[in-house]
Amino acid sequence: MAGAASPDHLFGLRNSFYVGAYQAVITGVQAIPARAALSPDALAERDSLLYRSYIAIGSHQLVIDEIGPGAATPLQAVRLLTVYLSGGAGGKESAIRKLNELLADDAVGSNPILRLVAGTVLMHERDYAGALKHTNSGGTMELLAMNVQICLQMHRSDHAEKQLRIMQQLDEDHTLTQLANAWVDLVMGGSKIQEAHLIFQDLSEKYPATCLILNGKALCLMHMGNFEDAEGLLLESLNKDAKDAETLANLVVCSLNLGKSASRYLNQLKLAHPDHMLVKRMSSAEDSFDRACQAIS
Amino acid sequence: MLTKFETKSNRVKGLSFHPRRPWILASLHSGVIQMWDYRMGTLLDRFDEHDGPVRGVHFHATQPLFVSGGDDYKIKVWNYKTHRCLFTLHGHLDYIRTVQFHHECPWIVSASDDQTIRIWNWQSRTCVAVLTGHNHYVMCASFHPKEDLVVSASLDQTVRVWDISALRKKSVSPADDILRLTQMNTDLFGGVDAVVKYVLEGHDRGVNWASFHPTLPLIVSGADDRQVKIWRMNDTKAWEVDTLRGHMNNVSCVMFHAKQDIIVSNSEDKSIRIWDATKRTGIQTFRREHDRFWILSAHPEMNLLAAGHDSGMIVFKLERERPAFSVSGDTVFYVKDRFLRFFEFTTQKEVQLAPIRRPGSVSLNQSPKTLSYSPTENAVLICSDVDGGSYELYIVPKDSAGRADYLQDAKKGAGGSAVFVARNRFAVLEKSSNQVLVRNLKNEIVKKSPLPIATDAIYYAGTGSLLCKAEDRVTIFDLQQRLILGELQAPSVKYVVWSSDMESVALLSKHAVVIANKKLVHRCTLHETIRVKSGAWDENGVFIYTTLNHIKYCLPNGDSGIIKTLDVPIYITRVIGNNIFCLDRDGKNKLVTVDASEYIFKLALLRKRYDHVMSMIKNSQLCGQAVISYLQQKGFPEVALHFVKDEKTRFNLALESGNIQIAVASAKEIDDKDHWYRLGIEALRQGNVGIVEYAYQRTKNFERLAFLYLITGYMDKVGFMCKIAGQNNNLMGQFHNALYLGDAMKRVEILENAGQLPLAYITATTHGLTEIADRLAAELGENIPSLPEGKARSLLIPPAPLTASGDWPLLRVMRGIFEGGLDATGKAELEEDDEAAGADWGDEGLDIVDASEAMANGGDGFDAEEGEANEEDGEEGGWDLEDLELLPEAETPKNAGNARSAVFVAPPPGMPVSLIWTQKSSLAGEHAAAGNFDTAMRLLSRQLGIKNFAPLKPLFLDLHMGSHSYLHALATAPIIPVAVEKGWSESASPNVRGPPALVFTFPQMEDRLKAAYKATTDGKFPEALRQFLSILHTIPLIVVDSRREVDEVKELIEIVREYVLGLRMELKRKELRDDVNRQQELAAYFTNCKLQRVHMRLVLGSAMGLCYKQKNFATAEHFARMLLENNPNEAQARRARQVQQQCSGKKDSSELNYDYRNPFVVCGATYVPIYRGQKDVSCPYCGSRFVPSIEGQLCTICELAVVGADASGLVCSPTQLR
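The shown structure was predicted, so the numbers you read here are calculated from the model rather than taken from an experiment.

Criteria and cut-off values
Residues numbered from 1 in each chain as written. Chains lettered and ligands numbered in written order. Predicted model: local features only at pLDDT ≥ 70, side-chain atom pairs only at ≥ 80, totals over all residues. Heavy atoms only, no water. 1 Å grid on protein atoms, 1.4 Å probe; cavity = no way out; pocket = protein on both sides within 12 Å on 5 of 7 lines; lining within 4 Å. Points joined across faces, edges and corners; volume = space filled by probe spheres on them. Nonpolar A, V, L, I, M, F, W, Y, C, P; charged D, E, K, R; others polar. Pairing = 2+ DSSP bridges. Helix = DSSP H or I, 4+ residues; strand = E, 2+ residues; numbered from the N terminus. Axes fitted to C-alpha atoms, helices over the stretch in contact; angles between N-to-C directions. pLDDT = per-residue confidence, 0-100. Contact = heavy atoms within 4.5 Å. Parallel < 35°, antiparallel > 145°, perpendicular 65-115°, else oblique. Left-handed = near helix turned anticlockwise from the far one by under 90°.

S.K.: Go over empty space enclosed by the protein with me, naming the residues and quoting the values.
M.R.: Evaluated as defined, the whole model comprises six cavities of 30 Å³ or more. Taken as a whole, the largest cavity holds about 130 Å³ of empty space. Around the largest cavity, the lining is made up of 18 residues, and of these Phe17, Arg52 and Glu142 of chain A together with Leu970 and Ala971 of chain B lie nearest the centre. Of the residues in the lining of the largest cavity, the class split is 13 nonpolar, three polar and two charged.

Shown next as C-alpha cells:
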C-alpha cells in the first residue's frame, strides 16, 4: 500500500474495479493527473486495471490490439486472458500453453497478476486444484479473494472461511475483504445472508450502484425468500446495462420463483451471452431430460 | 464553567438576577448601577444617582422595581420602566452593605456599617424595625425564602438569625396610633419587634456573608478567616455542622445553589469554588489572574450564577443543559436523568431503555456531551468531558424496551470525541497525536489514521468518512483513502447537522450557520447576533434552526426568516411539515406546531413550483406586507398583486408587472391625475392604444389625445377633437388639430375668427383658396401683406396615414400560472358486469313449440367396484437437518514441476448443494430442481404411474433453472451458482442445508384454479382447459409442508379432473355438427360432472336448451327441474320455468344413452356412461374412470399416466415420509 503521505491515485480505480464500475475505471485512468509520477509498478497495475476493465465490458479486440509483444509481464498475462476468453477451442489451448510457459519462467512466474490470470483461466477450465496451486500463497488481496472464490466453487466453504480470515487479518475494511465476506455468507446461507445483505448495502452507500452490487443485494433478498423486492433491484440493474449477463440470469431465476414467465429474459441471455452458465445448464438439462425419457419408456 | 456573559467595568459590588427576564443588575464601586440583558449581551440602562459606591442591589420579584443601597447611607427604590428613582429611604448612619426585597410583604431589609439591620416598608416608606445586637459592621442580611427569619453576618465574627414573626403579625392590622407608638418605641428602645433567635459563633474573624438554604434548615457562611461554615438549625437551637477549607484569602460571598446540591463561594483570593453540599468536599475551582471576587448571585429559577470582581462580572453556569441526542430515522435517542431513552416521532411515544452508569467520581459537567447511534447494530456511543474526554459504547438489546436492567457493561475509552463511521465501526479522536483510532464493536482498534489538520472534534460525514473540525475550518476526510474530500472555512463549528439524504450539511457555530453540500462546497452563510442552538433539515431541503429566542428557517438560496419566538431555548430533533419535535433543557420531548407556509411559499417560488404557489394563493394561506415585499424583490410582482389591498400599492405592482387590466381597475378607484397619467405612459409603452385613449380622456388631456389619434391614423377622431377644442374656445388646440388634419380651409377660418386676417389671407393664398383670398383682400384693403416673390409655392400637408390601426400586435402569451383555475373533472366510474356469461354457453332464444311425444330410457347397472386403496410406499425418512460432516477424501496431488506448488495440497472438492438435495429427498419436485431427472421420473412413475413425461419437460426445466442464483464475484472469473433454499429465517443456522425453494407452489395452483374458473364462466373453454391441465401437470412436482395441505392437493386433483373431463366433452360436442343425439348426450354427461354451482347452472341451462330444441321434452324438463334446484338467477329461473311449462307431460322425441335415474361415471376416453355395477378401470394419477378396453393406454384426461397401472400414490410432502 502506498504511503499515507501522498494520495494513492489507484485507490479509487481499484475500488471501482472491484465493485464492477468498469466504465469508471476506464475514465478514471484518463483523469489521473500527469504530475502524479506513478512508479513502474503502479503504472503496470494501472494499465492492467484498465485492460481488465475493457475485458469486463467485452472489448476484447481492443485489448489484443493494444498490448504488444514488448509489454510487461502483467499486461502479457492480461492479453492471454483476453485471447482465452474470446477465442474458440484453439485459442483457448494456445493461451493456456503460453500461460504455462510464462508461469514456468522463474523470472516472472511469481508475478501476482500473472498468477491471478492463471487462476482465472483454470477456474474457467474447472481445474480448481490447478488454480489453487498458483493462487494459494496469496500475496495480494485479489489473490486471496480468488482463493475464497475457488474454494466456494469447489463447494468447500470451510476452506473459503479460512481464506477470508486471512484477508480480515490483513485489512478487514478492504473492499475485497467485504465482498469476499459477502460471498461466503451467501453460500453458507442461514442467518449469514443478512450480514451479506448489510455488506452490499454498505457498498451501495459508498459507491454508485453497479450491476454487481445490485445483483448482490438482489441475491440476498432472493435467498431470504423476498423475490418481489429482488426483482425490483434486478430491473434497476437491467436499466443500467440491458445486456448484463448476471442480471438477465438472475431475472430468469427470480421470475420463475415469482411464478412469472422468464422466456423473454432467457432469450435475451441466449442472444447476448450464449456461453453463460445458465444457458449451458439449460441445454444440458434438456439433454438430460430427453435421455431420462428414453430410459423410462 | 460555561461562561455565558462577561462585562468589563469598575469593581462590581452588588448583583441581582431578574426572576423571569434575562436581565441582571450590577452595582459598581463607582456608584453606577447597570442593567444588562445577559442573553443578548447588551447594556439596557444605567442609574447613577448614588454618591459613592453602591454595594447592594436587588430586583423585586414581581414589580418593576429594584432597590439599591450605597455608601452615601441612602437606600433608593427605582422603577426601571420609568428609569427613575421613586424615593429614598433615610435612617442608616453609615455605609449600607446589602439590601433585599421580601418576596411577599412590602419590606426591604438592609445591612449597614452602623451595626444595625433595618426593615423598611417601601409602600409607606417608613422604617418598621431596627435590629440591634451586632457590635461591628453588619456585612449582609437577607430574608428567609419562606419563614419569618432574617440571617445576618457581621465583622463581630457572628452570624445571627432573627425572628421577625412579630413584625408580620403587627403589620397585618396597622393602626395609626399603634404605628406611631411603634415608631417611637423603635427610636427609643431598639428592635422590640424582632428578636435574636440564634447567635452562631465559630468563625475566627469577621463574617462577610451568610445565607439560608432554599429549602433545608441550613445556613452557609463565609468569613475573613478564609473558611466556609455550614450550620444547621431547628426550632430551639443552631449549631455548626462542618467547615470547608480551601480559600486562601477572605471569603467574600457564599450561597447554596438553587437547583443543585452544591455550595458556591468566591473570595479575595481571586477564585470561585464549588463544593459538594452533602460530602463537604471541594469539587472545582475557577480562578482569575488579577481580579478579586466580591459578590455572587444565583438565579432563582435557572441554572445560572453570576460573580462580580474587580474589573466586571461574569454570568456562568456549571452544567451543560443541552441534552445529548442523536436522530436516526423515525427515532431520537437521548440521555436524560442518567437514562438512555428514545422517542418515536410517529407514535410520539417515549421509551426508557436502560440506566447509564454514573462515573465513580463526583464532578461537575459530566453529563453526556454527544451521542452517536448505529441503527443496524443498535449501538449507542456516548461522549462526555469526564477525565478530559471519554466515551462509552453501549449495545442495546433489541427487546430491552421497558426493562430497567443495566445494559451490558459499557466499553470505555479515552478520546476527544467518538462517532460511528460505519455500521460496526467507530472513530475516536486522539488529540495528543492528532489521529483517529478506528474501533470495532468490541472496542478493539482496527486501524489508526493520522488526520490532515489539527483537529478539535470529529463528526460523521458518510460511511467511512469523517468531518474534522479545526479552529477555523472543517474538512471531510476519507478514512480508507486517507484523502481530504472537501474543505471549507467555517468559524469554530460546534454542531453538525446532515440532511437525511446526506447531500447537505449545516455547520452551527456560536453566531453563524454555514450551509454546504456533501463535499463542503459552500452554499450560504447566515450570521446571527445571538447564539445558534440547534437545527434540523425538513423534507423539502429547508434548514430549520433555533437561536436562544427564535425558530428560524434557511432556504437553499440563503434566504432566512423567523418562524416563531421562543421563551426558552429548545433543541430541534425533527421537522415534519408544520411540526417541530424538540428537546428542552430538562430533556423533555416537545412538539411545537408552527406555520410553515411562509417558507414553503418562498421555497415554491425558488423552485419555480408555480402550481404550489398558485394553490397557496388560492387558499389565502399567506398574508402580510413582508411577503409582498419579498415577492417584489424576487421578481414576482404579479404574484404580489394577489395579496395587495391598498389600491396605490396595487397600482404600482400592476404597472411593474405590466398588468394593465388591474392597473386600470386601481386607477379607477384612485381616480387622480397622476395615476391616470402614469397608466397612460405604461399603456403607451405596451402599445395598448385603447387604454391610452381612456387614460387621456379621464384626465381631459386633449392635446395628448389628439396627437394619439394622429399617430394612430384616426383622422375622424382628430376632427372630433378639433370641434371640441372649438367648443372650449381653445384656439391653439383647435389650430393644432387643423394642422394635424391638413385642413387649410379650417385653418383660414380659425385665423379669421381669431382676428388674424393677414395670416388668414396668406394661408388662403398659399393653399390656392382664391375666393376666400379675394374676400379677405377686400376686407384688408390697403393692408394686404406682400407675398414673397420668386418662390415656388407648395402645400404643407402632413402625410396621410396608410392604415388606421388600433392596439399594437401582441404575441399570444400562455395564461400565467397564476391566472385561471384548475377545473377538476371527475371521471365516470366504469361499471363492471357481474357474471357475464359468454355466448358459447348456448343462450340462444328458445323457440317454444308444441311437442308431440317422448320416450323414456331405462336400464339397470351394476355397482362400481371399489378402487384399490393406495398403498403408501415406505420410503426412507425425510430431511435430515443435522450438520453435514464431509469426510475429506484422500487425493494425491499431481506432481508439478514448480517446487513451491509441490508443498501445497489442494483440498478435495466438497459436495454441491444439489447433490445433497438428491441424497435426502424422495420428492420428485426436489429431484427435478437438483437436475436429477432420472430419479424424478422414476419416482413419478412408481408413485403415480406417469409414463408420458413430455408435458412435464418445461416444468422440469423451470424447477432446475429456478433452483440456483448466480453470484458475480471477481471480474472475468466464472460466476458462482448459489443454491436457493427454502424456509430462510433470521435465526437459521449457516451451512445447514435446507430443501430447494421450488418455483411451483400450492398457492400458485390455487391462483390458477381461480383463473381457470373464470375462463370457464366466460365460456372460453380452450383457455380453461389449458389452465386446468397446467394444474394437473404441475401437481406431481409441488411440495407442501403439512398433512392438511396434502389432503388439499388431493382434493384439488379431483376438482380439476372433473372439469377437464367436462370441458373435453364440451369441446367434443362443438365439433359434432350433424349428430344431434350425440350432442345432447355429451351435454347431458357434462351435467354429471362435479362442478361449482355457478358452472353447474350454466351447464344445466345449456343442456336444457339443447334438448328442448331437439324436442326431447322429458329430458329437457329434467334439466329444468335440476336448474331450479340450483338457485338460479332470475333470468335462468324464468327460462327454466318456461321450459318446464312447455315440457310438462311430454316425452322425448329420440332415445338418448342417458339415464339420470341410474348413477354413472363417464369414461374419459370414449365419453360413454359407466353405470353402477359395470366394470371400469381408473387412472392411477388423476383417478379418471375408463371402460375396461382403455386399460394400458395413456390417460386422456391428465395425459400423463397409464390407465390401470399400479401406483403407490401421490407423495408431495416430507410429512408423508415419516
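S.K.: An account of the sheet that holds strand β12 (residues 116–121) of chain B is requested, with residue identities and associated values reported.
M.R.: Residue and element names in this part refer to chain B. Read from one edge of the open sheet, four strands run β10-β11-β12-β13, paired in antiparallel fashion. One side of each edge strand has no neighbouring strand; the edge strands of this open sheet are β10 (96–101) and β13 (126–132). When strand polarity is set aside, the average angle formed by the axes of neighbouring strands in this sheet is 20°. Note that β12 and β13 share six bridges and pair antiparallel.

S.K.: Any chance you could break down the confidence of the model for chain A for me, citing the residues and the numbers?
M.R.: Chain-level pLDDT for chain A is 85 on average; 95% of the residues reach the 70-or-more range. Note on residues 1–5 of chain A: pLDDT under 50 across the span, and three contacts to partners over four residues away in sequence or across chains.

S.K.: Describe the sheet that holds strand β5 (residues 42–47) of chain B, naming the residues involved and giving the relevant values.
M.R.: All names here are of chain B. Strand order across the open sheet formed by four strands is β2-β3-β4-β5, with antiparallel pairing between neighbours. Either end of the sheet is taken by a strand with one partner, and the two such strands are β2 (12–17) and β5. Looking at each pair of strands side by side, their axes are set apart by 20° on average, direction ignored. Examined bridge by bridge, strand β4 (residues 33–37) and β5 share five bridges and lie antiparallel to one another. In the sheet register, Ile33 faces β5, and the bridge partner there is Phe47.

S.K.: An account of the packing of helix α8 (residues 128–135) of chain A against helix α9 (residues 141–153) of chain A is needed here, citing residue identities and associated values.
M.R.: For any two helices packed against each other, the geometry comes down to the angle between their axes and how far apart the axes lie. All names here are of chain A. At a minimum axis separation of 10 Å, α8 and α9 run at an interaxial angle of 160°. When the axis of α8 is compared with that of α9, the two are roughly antiparallel. Every pair of crossing elements has a handedness; the one defined by α8 and α9 is left-handed. Of the residues in α9, those touching α8 at Tyr128, Ala131, Leu132 and Thr135 are Leu143, Met146, Asn147, Ile150 and Gln153. By residue class, the composition of the contact of α8 with α9 is six nonpolar, three polar and no charged.

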